[in-house]
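Take a look at the letters that make up each chain.
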Amino acid sequence: MSNSAHLADVMVKAFIDAVERGIDLVPVVADSTSTAKISPFVKQFPGRLVNVGIAEQTLVGAAAGLAIGGKVAVTCNAAPFLISRANEQVKVDICYNNTNVKLFGLNAGASYGPLASTHHSIDDISVMRGFGNIEIYAPSCPVECRQIIDYALDHQGPVYIRLDGKALPELHDASYKFIPGQIDQLRAGEDIALVAMGSTVHEIVDAAATLAEQGISAAVISIASIRPCDTQTLYKLLNQYASVITVEEHNINGGVGSLVAEVLAEGGCATRLKRLGIADGEYAIAGDRASTRARHGIDAAGVVNSAVQMCRGE
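To start, this report covers the structure provided alongside it. Just so you know, these numbers come straight off a predicted model, no measurement behind them. (Residues numbered from 1 in each chain as written. Predicted model: local features only at pLDDT ≥ 70, side-chain atom pairs only at ≥ 80, totals over all residues. Heavy atoms only, no water.)

Across the interface, helix α1 (residues 7-20) lies against helix α8 (residues 142-154) with an axial gap of 9 Å and an inter-helix angle of 40 degrees. Compared by their axis directions, α1 and α8 come out oblique. Where α1 crosses over α8, the two elements pack in a sense that is right-handed. Along the contact surface, α1 presents Leu7, Val10, Met11, Lys13, Ala14, Phe15, Asp17 and Ala18, while α8 presents Pro142, Cys145, Arg146, Ile149, Asp150 and Leu153. Looking at the contact of α1 with α8 residue by residue, the classes come out as 10 nonpolar, no polar and 4 charged. (Axes fitted to C-alpha atoms, helices over the stretch in contact; angles between N-to-C directions. Helix = DSSP H or I, 4+ residues; strand = E, 2+ residues; numbered from the N terminus. Parallel < 35°, antiparallel > 145°, perpendicular 65-115°, else oblique. Left-handed = near helix turned anticlockwise from the far one by under 90°. Contact = heavy atoms within 4.5 Å. Nonpolar A, V, L, I, M, F, W, Y, C, P; charged D, E, K, R; others polar.)

So, in structure tokens, the structure goes:
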């Protein structure tokens with residue numbers, strides 16, 4: 001399970017396979033062919049790509065039109081521009097009108113590193129959770145990513161998939177079967193639960209291993225399916241622990257931390273919760289991935305520090 005892959009490469013391979021099995025799929029890009037790594041698809045199906053230029057609102061509108069015309073439309077461009085610049089079109093053309101468009105938010109989180117706030121997507125999940133009638137996913141590894149995409153392309157209705165911009169190692173083997181809504185427990189534990197979405201799942205996997213060396217047993221829980229989400233199972237799972245930490249390369253408001261807080265509060269659970277992410281009122285720093293995560297306490301070392309403090313009652 002040590003093999004790594006860029007999730008955009010996984011996406012493109014899934015698109016090629018989908019067309020070959022008969023899905024009438026049309027990718028739409030906004031001058032984002034390199035971001036989407038779409039060239040293998042274009043080489044095989046040169047007449048299927050729609051490039052609207054640097055015009056994200058047109059991107060979403062065109063995808064909606066293609067879907068209304070019977071195509072399976074997929075948008076492939078950077079998450080910060082898809083969600084921010086085309087916000088109204090996503091809400092109205094896709095969600096409200098229930099068009100069969102699959103929105104791929106590429107290079108999400110702080111994937112663009114030194115390009116800073118304009119290129120960071122640390123609010124996309126919160127925005128999409130605010131819109132009704134769209135499923136939301138954040139895969140954490142290539143196997144999971146491929147299965148989520150295959151599901152989304154067969155599913156009738158709007159879907160948003162958040163993809164990290166860096167190569168990610170596998171967390172699952174070939175026996176893994178993705179189920180929408182499923183809560184994915186990667187490691188059992190007794191003292192504290194660590195919960196994350198997307199690429200930060202790798203940070204909590206590493207953190208749990210370090211904590212085990214210090215005598216702290218940490219459960220590792222991945223939430224790739226943000227909507228739908230099996231909140232009853234999530235509540236039953238987290239209710240076993242005195243302390244829970246959520247980790248995300250996203251603002252602490254509206255993402256997986258908020259989802260967990262809502263589930264615990266609505267269930268009347270007294271579990272202590274700490275949300276790790278980009279703090280309220282802050283932006284991710286302009287720096288490489290390691291520096292960014294260390295600065296905001298969402299790398300493995302930061303998670304370990306927070307978990308040790310919580311287990312000590314601090």
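Back to the text.
So, on to unusual backbone geometry. Cis geometry marks the peptide bond from Arg227 to Pro228, where omega comes out at 5 degrees. Relative to the helices and strands, Pro228 is located in the loop between β12 (225-227) and α10 (231-238). In this model, Asn98 sits at a positive phi of 55 degrees, which is unusual for a non-glycine residue. Checked against the element boundaries, Asn98 lands in the loop between α6 (87-96) and β5 (101-106).

All right, on to the sheet that holds strand β13 (residues 243-251) then. Taken in spatial order, the 5 strands of this open sheet run β9-β11-β10-β13-β14, and their pairing is mixed. The open sheet has two edge strands, β9 (184-187) and β14 (272-278), and neither has a second partner. When the angles between neighbouring strand axes are averaged without regard to direction, this sheet yields 25 degrees. In the sheet, β13 pairs with β14 via 6 bridges, with the strands oriented parallel. (Pairing = 2+ DSSP bridges.)

What follows concerns the packing of aromatic side chains. If you walk through the whole model with that rule in mind, you get 6 aromatic pairs. An angle of 80 degrees between the planes, with centres 5.4 Å apart, marks the rings of Phe15 and Phe104 as edge-to-face. With Phe15 in helix α1 and Phe104 in strand β5, the pair connects residues that are 89 residues apart, well separated along the chain. We note that Phe15, like Phe104, is buried. Here Tyr137 and Phe178 contribute two aromatic rings whose centre-to-centre distance is 5.6 Å and whose plane-to-plane angle is 80 degrees, an arrangement assigned as edge-to-face. Of this pair, Tyr137 sits in strand β6 (residues 135-137) while Phe178 sits in the loop between β8 (167-169) and β9, placing them 41 residues apart in sequence. (Phe/Tyr/Trp six-rings, centres within 6.5 Å; stacked < 30°, edge-to-face > 60°. Buried < 20%, exposed > 50% of the residue type's maximum accessible area, 1.4 Å probe, protein only.)

If you check which residues of helix α11 (residues 256-266) are buried, you get Val256, Gly257, Ser258, Leu259, Val260, Val263 and Leu264. The elements touched by buried residues of α11 are α7 (124-130), β10 (192-196), β12, α10, β13 and β14. Just downstream of α11 lies Gly268, where phi reads positive at about 75 degrees.

Glancing now at the packing of helix α4 (residues 56-68) against α6. Across the interface, α4 lies against α6 with an axial gap of 9 Å and an inter-helix angle of 5 degrees. The orientation of α4 relative to α6 falls into the category roughly parallel. Contact residues: Gln57, Val60, Gly61 and Ala64 in α4; Gln89, Val90, Asp93 and Ile94 in α6. Of the residues belonging to the contact of α4 with α6, the class tally is 4 nonpolar, 3 polar and 1 charged.

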